[in-house]
Amino acid sequence: MCEPCVQDGLAGSVSRGMHPPWHPCVKREGQHRTGLKVRNTLTGEKEEFIPRVGNRVTWYTCGPTVYDSCHMGHARAYLTMDIMRRILEDYFNYEVFLQVCGSSITGAPTSSQSPSHPVTSHQVNVTDVDDKIIKRARQNKLLDDYRNEARPAEQVHADINSAVEALDTKMVAKLVELETPKENKREEEERPELLEQHRQKLAKFAETKRLVATLIGEGTERASLDRLTQVASEPLAEALDSQKGAGVTDQEIFNAHGRHYEAEYMEDMVSLNVRMPDALTRVTEYVPQIVAFVEEIVRKGLAYESNGSVYMDIAAFRAAGHSYPKLDPSKGKATAAEMAESEGTHKAADGEKRDTADFALWKKSKGGEPSWDSPWGGGRPGWHIECSVMASDLMGDNMDVHAGGFDLKFPHHDNELCQSEAMHGCAQWVNHFWHFGHLHIKGLKMSKSLKNFITIREALSRDSARQIRLMFLLQARAQRRGMQYMGCKAWDAKLGRRDETRRIRDARRGMKGWDEGRDAGSSHAPSHHHAPSNPP
């Protein structure tokens, strides 16, 4: 097998710390160079930003998984991306072709527009096949059916008590697992945060159990039962899914769920004044290309079929001269938690993978999941493969920028790089990787799984889009770690306290200088024109 090729326009490799060799773009005479430097996760350092081809910037960004309403963590990422895009386009005069994966827009024109077109374009890709979307759509369908059955109160009470008990047992078992120290160093390092997150989930579930007990004691009126099934929707949905989920096979159930939240997401982006896309591609429209993409990786001997699924062969990939992982080389192999996030509901049987680090490119479909024909039987795309296929369709074997949330760095983004460079046979699919930090609330990452989120619509009912944008800008120095969300009014109050502290500090400095001057016998107090303090 040939060594990975270095594409035209890329210079010889350089090495930065533990990171694998990186190829900067060739510096040509007359090229549009602005002196802009941006931190590149591929090297861990700030690198001069130079597009590979002229003034054109090809930029791909991972979007949200729209299985529910978007929250302020999503807003933080997309406003950061929009600010950076506006700086590149409006200040540095680059032509940006921006493609976003994981969002969608209902009724927008579908396009296969090429980035070679001279018009600045924004391409949106839609993740409409995803484990979270599939599970949420299926469970919502089962809950609706349950409510429509109008079961007797005694049966509803018994069903919900059983469901609550089952979920409680599951969550307690997870707590015991997280409280047990791990032998693996990285798993032990991530355990405290996972434990704190789970404890927060347990606290919220304890409140759910209290409300359930109260509502069961209130009586058997239909309104009370409706309220009860709403409060107990999480445990009840889990129980119904385990009993009947495999029977949900209508593709339209999954499509309708995704379309609803796709439209809501795009409305939120308009409300936040994020620049809109010009074209749309959906994963479901790319399934034939995804199958062909995976087939080519298998043909090259870098992936293999097992039990109806297809897995990336990490050992073969490395043996072919490629590097994995690139973005965080110290990790080497995904932990159990990272692999669970990577594979979603897909669980490989014992011995199904050649190595635990191998990840799914194509998943064998189970009951209650959408399915497409493939050479390996009925299945659906893996999580990472969709980004590689749709971005490659429009950007080819190399792009200037890939961006996304810090939590996607490993394994998602590293797996994208792996499968894309395997398929294209190239040394470098992405030239610059930019990552946005988390948004925290009360010390923990804002997320739907923790139920500690503020929806974008809720935030916009309190603060304007401009206020929210400025709040994030004022915390720009926290970009690589987590920003804290407290609402614009609370942030204004915090800034006011900082301003008051600064005035007191400056006054004290002035008095100290005046005293020193007086003690030295000076006839004039020193000037109080201090250099401005750093902004908050």
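Right above here is the structure, for reference.
Residues numbered from 1 in each chain as written. Predicted model: local features only at pLDDT ≥ 70, side-chain atom pairs only at ≥ 80, totals over all residues. Heavy atoms only, no water.

Bringing the pairing of strand S3 (residues 56-62) into the picture now. By the criterion of burial, S3 is predominantly enclosed, with seven of the seven residues buried. A two-sided burial pattern is seen for S3, the buried positions comprising Arg56, Thr58, Tyr60 and Cys62 on one face and Val57, Trp59 and Thr61 on the other. Alignment of S3 against strand S11 (residues 399-405), held across three bridges, turns out to be parallel. Along S11, the bridge assignment pairs tryptophan 59 with valine 401. (Buried < 20%, exposed > 50% of the residue type's maximum accessible area, 1.4 Å probe, protein only. Helix = DSSP H or I, 4+ residues; strand = E, 2+ residues; numbered from the N terminus. Pairing = 2+ DSSP bridges.)

Mapping tryptophan 22 onto the fold places it in the segment before strand S1 (37-40). Residue class for tryptophan 22 comes out buried when judged on its relative accessible area of 5%. Tryptophan 22 sits 21 residues away from threonine 43 along the chain, and the two C-alpha atoms are 7.1 Å apart. The residues contacting tryptophan 22, other than those within four sequence positions of it, are Gly12, Ser13, Val14, Arg16, Asn40, Leu42, Thr43, Glu47, Gln428, Asn431 and His432. (Contact = heavy atoms within 4.5 Å.)

The relative placement of two aromatic rings is captured by the distance of their centres and the angle of their planes. Summed over the entire model, instances satisfying the criterion amount to nine aromatic pairs. Judged by centre distance (5.4 Å) and plane angle (80 degrees), the ring pair of tryptophan 59 and tryptophan 434 falls under edge-to-face. Linking tryptophan 59 in strand S3 with tryptophan 434 in strand S12 (residues 430-436), this pair joins segments that are 375 residues apart in sequence. Take tryptophan 59: its relative accessible area is 0%, and that puts it in the buried class. Looking at tryptophan 434, the relative accessible area reads 3%, which means it is buried. (Phe/Tyr/Trp six-rings, centres within 6.5 Å; stacked < 30°, edge-to-face > 60°.)

The next thing to look at is the nonpolar core. Of all hydrophobic cores here, the largest spans 60 residues; its most connected members are Ile160, Ile290, Ile297, Met312, Leu361 and Trp362. The element best represented in this core is helix H3 (residues 153-179), accounting for eight residues. Counting residues in each nonpolar core, the second largest holds 40 residues, with Val38, Leu272, Trp434 and Ile456 among its members. (Core = buried A, V, L, I, M, F, W, Y, C linked by side-chain atoms within 4.5 Å.)

Moving on to unusual backbone geometry. Residue tyrosine 324 is joined to proline 325 through a cis peptide bond whose omega torsion reads -10 degrees. Here proline 325 is to be found in the loop between helix H9 (314-319) and helix H10 (336-343). Notably, asparagine 307 is not glycine yet its phi reads approximately 55 degrees, a positive angle.

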